[in-house]
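Given next are the chains, with one letter for each unit.
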Amino acid sequence: MNKKIEQAFNDHLNAEFYSAYLYLSMANCFTAKNLDGMAGWMRLQAEEEREHAMKFLDFIGVRGGRVMLKQIDQPPLEWATPLEIFQQAYDHECEISAKINALVDLATKEGDHAAVNFLQWFVAEQVEEEAHALGIVEKLKMVGDHPMGILQMDGRLAQRTASK
Ligand code: FEO
């Protein structure tokens, strides 16, 4: 495997595991606020991020590269409001999209067509990831500080299943 791509993919593998950690911490914060629907939504999101990480891990292995599991940073522990949490989740997804785009640029520059092809799934996935988080942010902005609205959103997000 091209060494530059191996290193960049290992870095991204770590970023996806961090995403899982971040969303799990957000889920814990929702649990502490008795917002179980939002907590469940974030736990499923964390699980998806672990699956994203595993896709990178498997691809590195299949291409004859070496997987390097690096230390995962500690995520924040507390957020004030559901809006603050989902806004940070949305901002984080935008950062991940930028990292994916940079990987596509690198793989293209290095002429690694297999890597470019592999990354296309993530390009499409990031469109969904950003849209889901932003949709929730916009609704929470409409709800504002109204407890009934927050509880309605909690019930709505509780309906998320593992497939999305
Ligand atoms: Fe793995 Fe939410 O991007």
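What you are looking at is a predicted structure, and each value in this text was computed from that prediction instead of being measured.

Q: Sorry, what's going on with the pattern of salt bridges here?
A: Any two side chains of opposite charge can pair, on the condition that their charged atoms come close. For the structure shown, the criterion picks out seven salt bridges. In this structure, K3 engages E6 in a salt bridge whose closest nitrogen and oxygen atoms are separated by 3.2 Å. Residue K3 and its partner E6 are located together in helix α1 (residues 3-32), separated by three residues, close to a single helical turn. Residue E47 pairs with R50 through a salt bridge whose shortest N-O separation is 3.2 Å. Note that E47 and R50 are positioned in helix α2 (residues 36-62) at a spacing of three residues, about one turn of the helix. For R50, a relative accessible area of 37% corresponds to the partly exposed category.

Q: Would you explain the environment of K3 in this entry?
A: What makes K3 exposed here is its relative accessible area of 59%. At a separation of 3.2 Å, a polar atom in the side chain of K3 contacts the side chain of E6.

Criteria and cut-off values
Residues numbered from 1 in each chain as written. Predicted model: local features only at pLDDT ≥ 70, side-chain atom pairs only at ≥ 80, totals over all residues. Heavy atoms only, no water. Salt bridge = Lys/Arg side-chain N within 4 Å of Asp/Glu carboxyl O. Helix = DSSP H or I, 4+ residues; strand = E, 2+ residues; numbered from the N terminus. Buried < 20%, exposed > 50% of the residue type's maximum accessible area, 1.4 Å probe, protein only. Polar contact = N/O pair within 3.5 Å; in protein donor to acceptor, adjacent residues only side chain to side chain.

Any functional reading would require information beyond the geometric quantities listed.
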